[in-house]
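# Observations on the three-dimensional arrangement
Spelled out from the first residue to the last, the chains are:
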Amino acid sequence: MEIGAQLYTVRDFCKSLEDFSETLKKVADIGYKYVQVSGTCEFDALWLKNELEKNSLKCVLTHTATDKLKEDSVKVAKDHDVFDCEYVGLGWYDFREDDDTYCLDEFFDTYKDVAKNLKDNGKYFMYHNHDGEFKRYKNKLIIDWLAETIPESDMGFTLDTYWIQAGGADPAFWIEKFSGRVPCIHLKDFSFGRKMSVIGEGNINFDRVFKKAEAAGTKYMLVEQDDCNGEDPFVCLKRSYEYLRACGFR
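Overview of the structure. Keep in mind that what you see is a predicted model, and the values were worked out from it rather than measured.

Where helix 1 (residues 17-30) contacts helix 10 (residues 233-246), the two axes come as close as 10 Å, and the packing angle between them is 30 degrees. Compared by their axis directions, helix 1 and helix 10 come out roughly parallel. In terms of crossing hand, the pair formed by helix 1 and helix 10 is right-handed. Within the contact between the two elements, helix 1 uses T23, K26, V27 and I30 and helix 10 uses F234, L237, K238 and Y241. Of the residues assigned to the contact of helix 1 with helix 10, the class counts are five nonpolar, one polar and two charged.

So, on to helix 9 (residues 206-216). Of all the positions in helix 9, only F206, V209, F210, A213 and A216 are classed as buried. For helix 9, the angular spread of buried residues about the axis comes to 135 degrees, placing them on one side. Exposed and facing more than 90 degrees away from the buried side of helix 9 are D207, K211, E214 and A215. Residues of helix 9 that are buried sit in contact with helix 7 (161-166), helix 8 (171-177), strand 9 (184-187), strand 10 (189-191), strand 12 (220-223) and helix 10. The N-cap of helix 9, judged by a side-chain oxygen 3.3 Å from the amide nitrogen of D207 a few residues on, is N205. Where helix 9 terminates, the next one or two residues include G217, which has phi positive at roughly 90 degrees.

For the largest pocket, the calculated volume is near 750 Å³. Secondary-structure elements contributing two or more residues to the lining of the largest pocket are strand 3 (58-63), helix 3 (66-71), helix 4 (73-82) and helix 5 (104-120). At five residues, the largest contribution of residues to the lining of the largest pocket is made by helix 3. In terms of residue class, the lining of the largest pocket is made up of eleven nonpolar, ten polar and twelve charged.

All right, on to unusual backbone geometry then. The phi angle at K138 is positive, at roughly 55 degrees, despite the residue not being glycine. Residue placement: K138 occurs in the loop between strand 6 (136-137) and strand 7 (140-141). Positive phi outside glycine occurs at R194, with the angle close to 65 degrees. Position of R194 among the secondary structure elements: in the loop between strand 10 and strand 11 (195-197).

The next subject is the nonpolar core. Membership of the largest hydrophobic core comes to 78 residues, with the highest contact counts inside it found for F107, L146, F157 and L159. Residue contributions to this core peak at seven residues, all from helix 5. Among the nonpolar cores identified, the runner-up in size contains nine residues, and Y34, V60, M126 and Y220 belong to it.

All right, on to the environment of P183 then. With respect to the secondary-structure elements, P183 resides in the loop between helix 8 and strand 9. Placed 55 residues apart in sequence, P183 and H128 show a C-alpha to C-alpha distance of 12 Å. Dropping the residues within four chain positions of it, P183 is found in contact with Y87, Y124, M126, G217, T218, K219 and Y220.

Now for the pattern of salt bridges. For the structure shown, the criterion picks out 21 salt bridges. Here R208 and D170 are joined by a salt bridge, their closest N and O atoms 3.2 Å apart. Residue R208 is located in helix 9, and its partner D170 is located in the loop between helix 7 and helix 8; the two are separated by 38 residues in the primary sequence. The salt bridge involving R239 is made with E231; its shortest N-O contact spans 3.0 Å. Residue E231 is classed as partly exposed on the basis of its relative accessible area of 38%. In this structure, a network of salt bridges that share partners links the residues D160, K188, E224 and D226.

About the criteria used
Residues numbered from 1 in each chain as written. Predicted model: local features only at pLDDT ≥ 70, side-chain atom pairs only at ≥ 80, totals over all residues. Heavy atoms only, no water. Axes fitted to C-alpha atoms, helices over the stretch in contact; angles between N-to-C directions. Helix = DSSP H or I, 4+ residues; strand = E, 2+ residues; numbered from the N terminus. Parallel < 35°, antiparallel > 145°, perpendicular 65-115°, else oblique. Left-handed = near helix turned anticlockwise from the far one by under 90°. Contact = heavy atoms within 4.5 Å. Nonpolar A, V, L, I, M, F, W, Y, C, P; charged D, E, K, R; others polar. Buried < 20%, exposed > 50% of the residue type's maximum accessible area, 1.4 Å probe, protein only. Arc of directions from axis to C-beta. Polar contact = N/O pair within 3.5 Å; in protein donor to acceptor, adjacent residues only side chain to side chain. 1 Å grid on protein atoms, 1.4 Å probe; cavity = no way out; pocket = protein on both sides within 12 Å on 5 of 7 lines; lining within 4 Å. Points joined across faces, edges and corners; volume = space filled by probe spheres on them. Core = buried A, V, L, I, M, F, W, Y, C linked by side-chain atoms within 4.5 Å. Salt bridge = Lys/Arg side-chain N within 4 Å of Asp/Glu carboxyl O.

Below, the structure is given as structure tokens:
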């Protein structure tokens, strides 16, 4: 398994193309070879290809804007071809509690077709969880509804260790349960008070996570820390990188 950086961690340093370019260099200088592009300014696919090559980085996953996915998923796939990225992600969906169906029908009506279009164009649609997917609807967790309604061949899951734990569940268990459809996962530690932490500085049992991820066929473990609690996010990414290197990952 390879380790990478989720650029949402440093989104505040990707608000212009000039800053985005500098951020890619800083991430590469830490030692990361793989990134997920998410939360950045708008960019041209060829620009990203060139910037990645300049820094010896590979983008393995994106979180792509919902309007782009819904309006022209074929173009999304073609753009991802330019910078050689297989996995196209949806970062969040609002399963609203004021709707007794939790918007599941709305989700399926939209994203079944998106997933199929991406698959038909050589990409794999990846859904990223938060804690809301661990609510129950008709005696079944929303995340189970998602997995059972859209087949593994069309949709995978970028399981997020922090958000699974925040939902009252066990990250290692869910990685094992979704074996075969978790090519990418997010590594994010969980500390007392729902605090997001540098990997290895919180309370998640990452030894179990690593073991289950390897068995489940995970290719990329992407470090993400949405909230760095006032610390420099590049410093947080570096500490997480050093912890993962000490665990034997590269």
